[in-house]
Amino acid sequence: MKNKYYIRIMTALLVLLCLLPAAACAEKEVIPTETKERTTEAENTWKPAEGEADAVLLSADYERTRYLTENVLDRPRPETDFTDALNGFSFDFFRACLKAGGNEDGANELISPLSAALCISLVENGAAGKTLSEMETMFGMPLEMWRASLGELADLLPSYVKEGKVQTANSIWIRDQFAPFVRPSFLQSNAEYFDAQVYSSPFDLSLPKDVNKWAYDRTDGLIKNLMDENQEPDPDAVMILLNALLFDMPWADAVEDFAVKEELFTNSDGIGVNVDMLHFSEDFYLKNDKAIGFAKAYADGRYQFVGLLPTGKNTVDDVIESLNAESWKKLLSSLKEADVVCAMPEFTYDGSYDLKAPLKALGMVSAFDQKDADFSAMADWEDDLWVGKAFQKTRIELTRNGTRAAAVTGMVMEAETALPMRREKIEIRLDRPFVYLIINRVTGTPLFIGTVNEM
């Protein structure tokens, strides 16, 4: 059985080596260099430093070709149907994560539905059959419409940002021995819509270091230790797909130091703790039958912080349960003018989430099933290929000056694979007395046996 896979691997590698030069030349002739644009203004340029990593950047073979107009005002806006679909998924996803156990790092929650949507969409580009249908149902849109609109939204994230930073980045890490089986059309789709960088990696202890460096750089140091650098990837892991999302923005009106006071904050268990409370005023408030809140603007004018306080006997859970695409639209449109006196604490915390159960609860079931998953559009692999792990790490730092928040979402593709295991690296130095043999390679018969005791 293993010999069959060895032959397949070597044959595919030889074919790949023969075809790459011709494919590269053909691509240069068909695609003018000037039309290759990045998804975000903050270019996804990270690559492993020479001599410090074993991953190889393959993105030059898979680049975006669709034109991105320089004038952000001329760029297409995502359709209303897409916005409703994404908002609906966002609230459903948040609730599903909480019901699955919530934050593994503490009682506070911080989830990025957008980062999750982008990462899942990378995988969706390789799905087919029932698996694709489930993902389309979960998002509420067919793949073609969904990825086009999501790509447009990613284009618009950094638009108009004159102060601070809003950016997203995507990457695909492929086990080097599995790379020949990955379909170029899958990689090109992810480059086309999401500007995904592609890396070939030995999937040894160098992979966690490379991935951690990528996540750290793309989130300006907010997300650290995404993977355990002391543990090699699972032997069945053949691909890791990642999205990084960074938001770093000052307030439009910073809270002055004199408006920061140490006050009591009551935790959910009823215990009060002293915190630095920010005091400021706003001109509008929003309200429904579950909560009342305010919106505090960030410096660029396109982003804002919305705080919602449960009213009456309602709880945080009641507010969360009430949110969906329609109720959120109504709440945002309920803005009323008033002199609003606001207070909120400064806070910093991390989030860590296993996304497997939440996504299955939302209907993305077969993707995680070894026997039922269909990722035939991702790789030319006769055996099972499925999503083995899905996770997200987040961090937020909200202060009197502004907000820094980041998320990295990852999905690990696993395969029932007979790929030869990467052997332990050892060093053998014949620098002291040793024995040697000269043998018949076919029969193993020694022709000579000797020792070297001195030189």
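What you see is a predicted model, and the numbers here were worked out from it, not measured in a lab. (Residues numbered from 1 in each chain as written. Predicted model: local features only at pLDDT ≥ 70, side-chain atom pairs only at ≥ 80, totals over all residues. Heavy atoms only, no water.)

## Some words on the pattern of salt bridges
This model, assessed by the stated rule, comprises 15 salt bridges. D248 serves as the salt-bridge partner of R404, at 3.4 Å between the closest nitrogen and oxygen. Here the residue R404 occupies a position in strand β12 (residues 402–415), and D248 occupies one in strand β4 (residues 237–250), the gap between them amounting to 156 residues. You can call R404 partly exposed: its relative accessible area is 25%. Note that K371 and E416 form a salt bridge whose closest N and O atoms lie 3.7 Å from each other. Of the two residues, K371 sits in the loop between α10 (356–361) and β11 (385–398) while E416 sits in the loop between β12 and β13 (434–439), which places them 45 residues apart along the sequence. On the basis of relative accessibility, which here comes to 62%, the residue K371 falls in the exposed class. (Salt bridge = Lys/Arg side-chain N within 4 Å of Asp/Glu carboxyl O. Helix = DSSP H or I, 4+ residues; strand = E, 2+ residues; numbered from the N terminus. Buried < 20%, exposed > 50% of the residue type's maximum accessible area, 1.4 Å probe, protein only.)

## Digging into a nonpolar patch on the surface
A surface patch of nonpolar side chains, about 230 Å² in accessible area, is lined by F265, I271 and V273. Relative to the helices and strands, V273 is located in strand β6 (residues 272–287). (Patch = residues over 30% accessible without salt bridge, like charges linked within 9 Å, V, L, I, M, F, W, Y side chains within 5 Å. Areas by Shrake-Rupley, 256 points an atom, 1.4 Å probe, with all protein chains shown as cover.)

## Concerning the confidence of the model for the protein chain
Across the protein chain, pLDDT averages 81, with 75% of residues at or above 70. Confidence, expressed as mean pLDDT per element, reaches its minimum in the protein chain at helix α1 (residues 2–30) with 34 and its maximum at α10 with 98. Segment residues 1–42 is flagged for pLDDT under 50; beyond a separation of four residues in sequence, or across chains, it makes 53 contacts in the model. (pLDDT = per-residue confidence, 0-100. Contact = heavy atoms within 4.5 Å.)

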